Amino acid sequence: MAMSAVLAPIKPADKIWTVGAINGDLAALQAVHGKLRGKITAGDRLIYLGNYWGDGTAEAVSGAINELLLFRRYFLAKEGVDIADIAFLRGSTEEMLSKLQQIHFAPNPGEVFDWMLSRGIAGTLRAYGFDPSHTQSLMRQGAHAISQWTGQFGEAFRRRPGHSSLLSDLKHAAYATDGSLIFVHAGLDASRPLTGQTDTFWWGGSMFESITDRYYDCRRIVRGSALTNLGLQEREFTLSIDGGAGRGGPLIAVAIGRDGRIVDHIES
């Protein structure tokens, strides 16, 4: 797949609403959506920056995905709103979820799964009816058993209306078509063009932290997930909006204007 196919072009707007990492926090997402309903209008744009699934309870994680799908429908139903006015980026959790469904191809599935558990995949497993501990032991039982499991997991995943199509439709990054703004999940390698990034979008948080110069003609790069330095972190060329939703903190959403500045701010 061409890199351009996984980048979402966003038309410039007076307000580009941008939602930080959700991490399966249904209550926080509902609170933000409740406030956003009274603010978002036709002509605005809406970008979610990844980590929709997370390590919460099964009900919260599954409910968060359903809530995203409902609000997407609500926004698109507004007169004058186009499908290109909304974008969902792939987060590190979604990257793991995609890889999990192909884990039987990994040369060391047990180690890969252990790493995923350390990164919070357990809540996502529970959301689709799978016990993380049992799955962990199964990952040591050989290729046939693992292949059977991935088939069962994929089937459970597809039974939830809209969940599979959301995962398959995620973009790696978004950009304003006038070049003024770039939106990423966690990181960006400033030495490479947007079409030349590898997995930095999901795992390159430290690279994002080190950006101190303008990236091409971009006024500001916005990210939704941070391992440290949680909260609204505004610098000259970057903006980080991970409030720690799903980890005891709030979910942050901001409206960004044409000049790259925050023009409105919502917290759960």
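The following refers to the structure shown. Keep in mind that this is a model prediction, so the values were computed, not measured.

**So, helix H4 (residues 109-118)**
- Residues of H4 that are buried include every one of Pro109, Gly110, Phe113 and Met116, and no others. End-on view of H4: buried residues confined to an arc of 120°, all on one side of the axis. Seen from the buried face of H4, the exposed residues on the opposite side, beyond 90 degrees, are Glu111 and Ser118.
- Of the surrounding elements, those touching the buried residues of H4 are helix H3 (92-100), helix H5 (122-127), helix H6 (132-138) and helix H7 (143-158).
- One or two residues past the end of H4 sits Gly120, with phi positive at roughly 95°.

**Here's the deal with helix H2 (residues 58-76)**
- Here H2 contains 19 residues, and its C-alpha end-to-end distance of 28 Å stays within 8% of the 27 Å for a straight helix at 1.5 Å per residue.
- Along H2, the residues that are buried comprise Ala60, Val61, Ser62, Gly63, Ala64, Ile65, Glu67, Leu68, Phe71 and Phe75.
- Along its buried surface, H2 packs onto helix H1 (26-36), strand E3 (45-48), strand E4 (86-88), H5 and helix H8 (163-168).

**Here we look at the packing of aromatic side chains**
- Per the stated rule, a full pass over the model turns up 13 aromatic pairs.
- Aromatic side chains Tyr128 and Phe153 sit 5.9 Å apart centroid to centroid with 75° between the ring planes, which places their arrangement in the edge-to-face category. Of this pair, Tyr128 sits in the loop between H5 and H6 while Phe153 sits in helix H7, and the two are 25 residues apart along the sequence.
- In this structure Phe153 comes out as buried when scored by relative accessible area, which is 0%.
- Taken together, a centroid distance of 5.4 Å and an interplanar angle of 55° make the contact between Phe130 and Phe153 tilted. Of this pair, Phe130 sits in the loop between H5 and H6 while Phe153 sits in helix H7, placing them 23 residues apart in sequence. By the burial criterion, Phe130 is buried, and Phe153 matches it.

**Details of the sheet that holds E4**
- The mixed open sheet is built from 5 strands, whose spatial order is E4-E3-E2-E10-E11. Looking at the sheet topology across the chains shown, the edges are occupied by E4 and strand E11 (262-267). Pairwise comparison of adjacent strand axes, ignoring direction, gives a mean angle of 15° for this sheet.
- Sheet topology note: the strand E2 (residues 16-19)/strand E10 (residues 252-256) ladder contains 4 bridges and is antiparallel. Bridged to Ile16 within E10 is Ile256.
- Most of the contacts of H2 go to E4, to which it runs at about 160°, and overall it touches E3 and E4.

**Some details on the side chain of Glu67**
- Mapped onto the fold, Glu67 is located in helix H2.
- Only 2.7 Å separates the side chain of Glu67 from the side chain of His33, close enough to count as a polar contact.
- Once you skip the residues sitting within four places of it in the chain, Glu67 turns out to touch Leu26, Leu29, Gln30 and His33.

Cut-offs and rules
Residues numbered from 1 in each chain as written. Predicted model: local features only at pLDDT ≥ 70, side-chain atom pairs only at ≥ 80, totals over all residues. Heavy atoms only, no water. Buried < 20%, exposed > 50% of the residue type's maximum accessible area, 1.4 Å probe, protein only. Helix = DSSP H or I, 4+ residues; strand = E, 2+ residues; numbered from the N terminus. Arc of directions from axis to C-beta. Contact = heavy atoms within 4.5 Å. Expected span 1.5 Å × (residues − 1). Phe/Tyr/Trp six-rings, centres within 6.5 Å; stacked < 30°, edge-to-face > 60°. Pairing = 2+ DSSP bridges. Axes fitted to C-alpha atoms, helices over the stretch in contact; angles between N-to-C directions. Polar contact = N/O pair within 3.5 Å; in protein donor to acceptor, adjacent residues only side chain to side chain.

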